[in-house]
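Chain by chain, the residues:
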Amino acid sequence: MQARIHHANVPAHDVRLVARFYSEVLGLTEVEMPGKEGIGTPEQQLVAWFDPGNGQPGLHVVLPRVDFAREHNMWINPIAHGRIASAVHDIEEVKLKLD
């Protein structure tokens, strides 16, 4: 079984400050949030996306807002809390290892 990190969500009350850390100190490239025009703009300071350079969603720095999902017609709130999302090729194999 091979697992990989798909993306990580980092909540921050000052999105631009944390985004500067990831870009200026760690050298990550900030990109526009795909599929949700206007949510990821720097002026709004709600979300900053970073491209890890491997075609994955990467790192998201987000302002933790409980009303975000409702305001943007989403079923779940992707930014209320931090999270690390993993991806695996065979979920059944993972389930067997957990038993």
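Above this text is the structure in question.
Residues numbered from 1 in each chain as written. Predicted model: local features only at pLDDT ≥ 70, side-chain atom pairs only at ≥ 80, totals over all residues. Heavy atoms only, no water.

(A) Looking closely at the overall build of the protein. Across its full length, the protein holds 3 helices and 5 strands. Beginning at the N terminus, the succession of helices and strands in the protein can be written as β-α-β-β-β-α-β-α. The burial tally for the protein puts 30% of its 99 residues in the buried class. Of the contacts formed within the protein by residues at least 6 apart in sequence, a portion of 55% connects residues at least 24 apart. A total accessible area of about 6700 Å² is found for the protein, and carbon and sulfur atoms account for 56% of it. (Helix = DSSP H or I, 4+ residues; strand = E, 2+ residues; numbered from the N terminus. Buried < 20%, exposed > 50% of the residue type's maximum accessible area, 1.4 Å probe, protein only. Contact = heavy atoms within 4.5 Å. Areas by Shrake-Rupley, 256 points an atom, 1.4 Å probe, with all protein chains shown as cover.)

(B) The arrangement of the environment of tyrosine 22 in detail. For tyrosine 22, the position within the fold is in helix H1 (residues 15-25). A relative accessible area of 16% places tyrosine 22 in the buried class. Here the alpha-carbon distance between tyrosine 22 and valine 61, two residues 39 residues apart in the chain, equals 9.3 Å. Among residues more than four places away in sequence, those in contact with tyrosine 22 are Val10, Gly27, Leu28, Phe50, Leu59 and Val61.

(C) Molecular detail of the pattern of salt bridges. Taken as a whole and judged by the stated rule, the model has 2 salt bridges. Residue arginine 16 pairs with glutamate 30 through a salt bridge whose shortest N-O separation is 2.9 Å. Here arginine 16 is found in helix H1, whereas its partner glutamate 30 is found in strand S2 (residues 29-31), with 14 residues between them in sequence. Its relative accessible area of 17% is what places arginine 16 among the buried residues. A salt bridge links glutamate 92 to lysine 95; its shortest N-O distance comes to 3.4 Å. On the criterion of helical spacing, the pair formed by glutamate 92 and lysine 95 is a turn pair, its members being 3 residues apart in helix H3 (residues 91-98). Classification of lysine 95 as partly exposed rests on a relative accessible area of 43%. (Salt bridge = Lys/Arg side-chain N within 4 Å of Asp/Glu carboxyl O.)

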